[in-house]
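# Report on the structure
Here is what each chain is made of, one letter per residue.
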Amino acid sequence: MIEGVGGLEGVIAAAKQAPGRGLPPVHLWNPTHCGDIDIVIKRNGLWFHEGTPIGREALVRLFSTVLRKDPEGYVLVTPVEKLAIRVEDAPFIAVRVDRVGEALRFITNVGDVVEAGPDNAIRVQMDPETGEPRPYLHVRRGLEALIARPVFYEIAEMAHERDTGAGPAMFVSSNGAWFEVGPVETDPA
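A few points on the structure. This one's a predicted model, so the numbers in the text were calculated from it and none came from an experiment.

Moving on: the sheet that holds strand E3 (residues 52–53). Sheet strands pair by backbone hydrogen bonding; their relative direction is either parallel or antiparallel. What the six strands build is an open sheet, ordered E3-E2-E1-E6-E5-E4; its pairing is mixed. On the outer flanks of this sheet lie E3 and strand E4 (67–70), each paired with one strand and no other. Looking at chain direction, strand E5 (residues 73–77) and strand E6 (residues 82–87) are connected through three bridges and run antiparallel. The residue bridging Val 77 from the neighbouring strand is Lys 82, located in E6. Where helix H2 (residues 57–64) meets the sheet, its contacts fall on strand E1 (33–41), strand E2 (47–49), E4 and E5, and the angle it forms with E2 comes to roughly 95°.

Okay, the environment of Pro 25 next. Take Pro 25: it is sitting in the loop between helix H1 (7–16) and E1. The spacing of Pro 25 and Pro 79 is 54 residues in sequence and 9.3 Å in space, taken between C-alpha atoms.

Our next topic: the side chain of Arg 134. By the element assignment, Arg 134 lies in strand E11 (residues 133–140). Side chain to side chain, Arg 134 and Tyr 136 meet in a polar contact 3.4 Å long. Apart from residues lying up to four places away in sequence, Arg 134 is in contact with Arg 43, Asp 89, Arg 123, Val 124, Gln 125, Asp 127 and Leu 146.

Counting residues in each nonpolar core, the largest one holds 49 residues, and the members touching the most others are Trp 47, Leu 67, Ile 85, Phe 106, Ile 122, Ile 147 and Ile 155. Each residue touching Ile 147, except ones within four places of it in the same chain, is listed here: Ala 94, Phe 106, Ile 122, Pro 135, Tyr 136, Leu 137, Phe 152 and Ile 155.

Moving on to the pattern of salt bridges. By the definition in use, this model includes 12 salt bridges. Put simply, Asp 127 and Arg 43 hold a salt bridge, and the shortest N to O gap is 3.6 Å. Taken together, the positions of Asp 127 in the loop between strand E10 (122–126) and E11 and Arg 43 in the loop between E1 and E2 put the pair 84 residues apart, joining distant regions of the chain. Given the relative accessible area of 11%, Asp 127 is considered buried. A salt bridge links Arg 68 to Asp 70; its shortest N-O distance comes to 2.7 Å. Connected through salt bridges with shared partners, the residues Arg 68, Asp 70, Glu 72 and Lys 82 form a single ionic network.

The buried fraction of E6 amounts to five of the six residues, a majority that puts the element mostly inside the structure. Two elements, E1 and E6, share five bridges in a ladder whose sense is parallel. The residue bridging Val 40 from the neighbouring strand is Arg 86, located in E6. In this antiparallel pair of consecutive strands, E5 and E6, the connection spans four residues.

Analysis parameters
Residues numbered from 1 in each chain as written. Predicted model: local features only at pLDDT ≥ 70, side-chain atom pairs only at ≥ 80, totals over all residues. Heavy atoms only, no water. Pairing = 2+ DSSP bridges. Helix = DSSP H or I, 4+ residues; strand = E, 2+ residues; numbered from the N terminus. Contact = heavy atoms within 4.5 Å. Axes fitted to C-alpha atoms, helices over the stretch in contact; angles between N-to-C directions. Polar contact = N/O pair within 3.5 Å; in protein donor to acceptor, adjacent residues only side chain to side chain. Core = buried A, V, L, I, M, F, W, Y, C linked by side-chain atoms within 4.5 Å. Buried < 20%, exposed > 50% of the residue type's maximum accessible area, 1.4 Å probe, protein only. Salt bridge = Lys/Arg side-chain N within 4 Å of Asp/Glu carboxyl O.

As structure tokens, then:
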């Protein structure tokens, strides 16, 4: 962290100092809460600062590396400060999936590559407003990606029927784990 630099500039400086190409160790940083910053991650995955879209993809990717989910909500964190932001749904969007051997490998809108499995579960919940499925993928340390609709359709094509004890459902496997993705569709008679 650059001495005397705070707020947005401090977040940028801390993220740029991440060793190598890996993620900064945000889980090890425990600064006191310094306030809020007017950053919102919209339901569609777009990041806004002070009401304006952040147009620089590299800056969004940089911010995503210092994003953390704490019990009180989402924060951008550096070794010396923690700034609350607002996330309307999930902070990331899974925009691609590929079957690689026994794994489903996802790519997010911020460049994360995540293989679904025991540590990175797929979950589907029903949207209370629309009744439509809202599928999510665990990315890292409590952060999730909403699985984009075209990607979810690809997953549904890979799904297999399994009995749950409460009846059949559709499941997809990845890295030895099975994830329920929806009910078994029945043909109308």
